[in-house]
Amino acid sequence: MKYIVANWKSNHNVSSANIFFQNLANLQKEKSIKNKIVIAPPFNLLETSQKQIQEKKLPINLALQNLSPFASGSYTGEVGPENIKNQNIQYVILGHSERRKFFNETNQLIAKKIKLALAYNLIPILCLDMPYLEKQASFLKNLDLTKIIIAYEPLEAIGTGANQNSKVTQKKITEIQKFFPKSPILYGGSVKPNNVAEYLEISNGVLVGGASLEAKSWFKIMNS
Ligand code: PGA
């Protein structure tokens with residue numbers, strides 16, 4: 001079993017998301033598949049996505065792309081774990097390089113979010129900042145790392161079409177395993193239908209941005 005995770009980032013709206021799921025349902029006749037499939041839509045599309053998944057009996061779980069470091073309360077603009085209770089959401093992507101770059105998220109803040117996620121039984125998918133691998137791991141040292149999924153995403157490969165040579169990826173994964181020996185490790189960065197197989201061979205799954213937005217390409221990737 002591999003994790004195949006879609007990160008929609010700030011893309012799609014209610015109507016385009018509904019079209020995505022309709023198109024995917026037309027392609028996806030097999031309702032039980034070997035991989036664990038996760039889609040992370042923007043917050044406002046969680047409800048329509050859940051409805052579509054249930055109606056069309058798609059083998060897909062939902063994830064958040066971010067989480068407030070506070071459970072709930074007076075934190076304008078934030079979405080905490082209390083806010084998404086009973087919405088059947090199982091995963092949360094944390095520490096994505098775009099959160100670090102555009103929203104100044106630090107390893108310390110991300111560690112706080114991971115702890116809160118775990119307290120609410122959400123499975124964190126932690127995107128590493130490789131130069132700070134050791135520091136990141138030290139913030140998490142008392143946690144049950146079997147419950148955390150790690151995503152390795154080389155910056156130069158994200159959204160560029162320049163996916164990393166998988167031999168290099170394999171070496172990086174070995175390096176990460178020293179700090180996170182018990183966690184599944186995913187690769188992300190320009191994963192496409194034509195290259196996904198090489199990453200699935202050397203990792204526990206993939207995190208996919210651009211190629212997850214369109215049903216036909218996502219269908220091929222999730223069934224790889
Ligand atoms: P990409 O994005 O597949 O478009 O490169 C990956 C990611 O940022 O998670």
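All values derive from a computational prediction rather than experimental measurement.

*Asks:* Got a minute to help me understand the side chain of Gln28 in this structure?
*Replies:* Structurally, Gln28 is set in the loop between helix 1 (14-27) and strand 2 (36-40). Side chain to side chain, Gln28 and Asn223 meet in a polar contact 2.8 Å long. If we skip the residues at most four places from it in the chain, Gln28 touches Ile33, Leu58, Pro59, Phe219, Met222 and Asn223.

*Asks:* Would you mind going over the nonpolar core with me for this structure?
*Replies:* Among soluble globular proteins, nonpolar side chains are generally buried collectively. Judged by nonpolar contacts, the single largest core of 56 residues is most densely connected at Ile60, Leu126, Phe180 and Trp218. Not counting residues within four places of it along the chain, the set of residues in contact with Ile60 comprises Phe21, Leu24, Ile37, Ile39, Ile53 and Met222. Judged by nonpolar contacts, the second largest core, of 13 residues, contains Ala63, Ile93, Ile125 and Cys127.

*Asks:* Just checking my understanding: could you explain the environment of Gln87 for this structure?
*Replies:* Along the chain, Gln87 turns up in the loop between strand 3 (61-64) and strand 4 (89-94). Under the relative-accessibility criterion, Gln87 is labelled partly exposed at 27%. For the pair Gln87 and Gln50, spaced 37 residues apart in sequence, the C-alpha to C-alpha distance is 8.0 Å. Among residues more than four places away in sequence, those in contact with Gln87 are Leu46 and Gln50.

*Asks:* Would you explain the packing of aromatic side chains in this entry?
*Replies:* Two aromatic rings, taken as a pair, are described by how far apart their centres are and by the angle between their planes. A complete count under the given rule lists 6 aromatic pairs for this structure. Between Trp8 and Phe20 the ring centres are 4.9 Å apart and the planes differ by 80 degrees, which places this aromatic pair in the edge-to-face class. Placement of Trp8 in the loop between strand 1 (3-7) and helix 1 and of Phe20 in helix 1 is noted, with a sequence separation of 12 residues between them. Exposure remark for Phe20: the relative accessible area of 3% places this residue in the buried category. Aromatic side chains Trp8 and Phe21 sit 5.8 Å apart centroid to centroid with 45 degrees between the ring planes, which places their arrangement in the tilted category. Of this pair, Trp8 sits in the loop between strand 1 and helix 1 while Phe21 is found in helix 1, placing the two residues 13 residues apart along the sequence. Exposure class is identical for Trp8 and Phe21. Each is buried.

Here is what the cut-offs are and how they apply
Residues numbered from 1 in each chain as written. Predicted model: local features only at pLDDT ≥ 70, side-chain atom pairs only at ≥ 80, totals over all residues. Heavy atoms only, no water. Helix = DSSP H or I, 4+ residues; strand = E, 2+ residues; numbered from the N terminus. Polar contact = N/O pair within 3.5 Å; in protein donor to acceptor, adjacent residues only side chain to side chain. Contact = heavy atoms within 4.5 Å. Core = buried A, V, L, I, M, F, W, Y, C linked by side-chain atoms within 4.5 Å. Buried < 20%, exposed > 50% of the residue type's maximum accessible area, 1.4 Å probe, protein only. Phe/Tyr/Trp six-rings, centres within 6.5 Å; stacked < 30°, edge-to-face > 60°.

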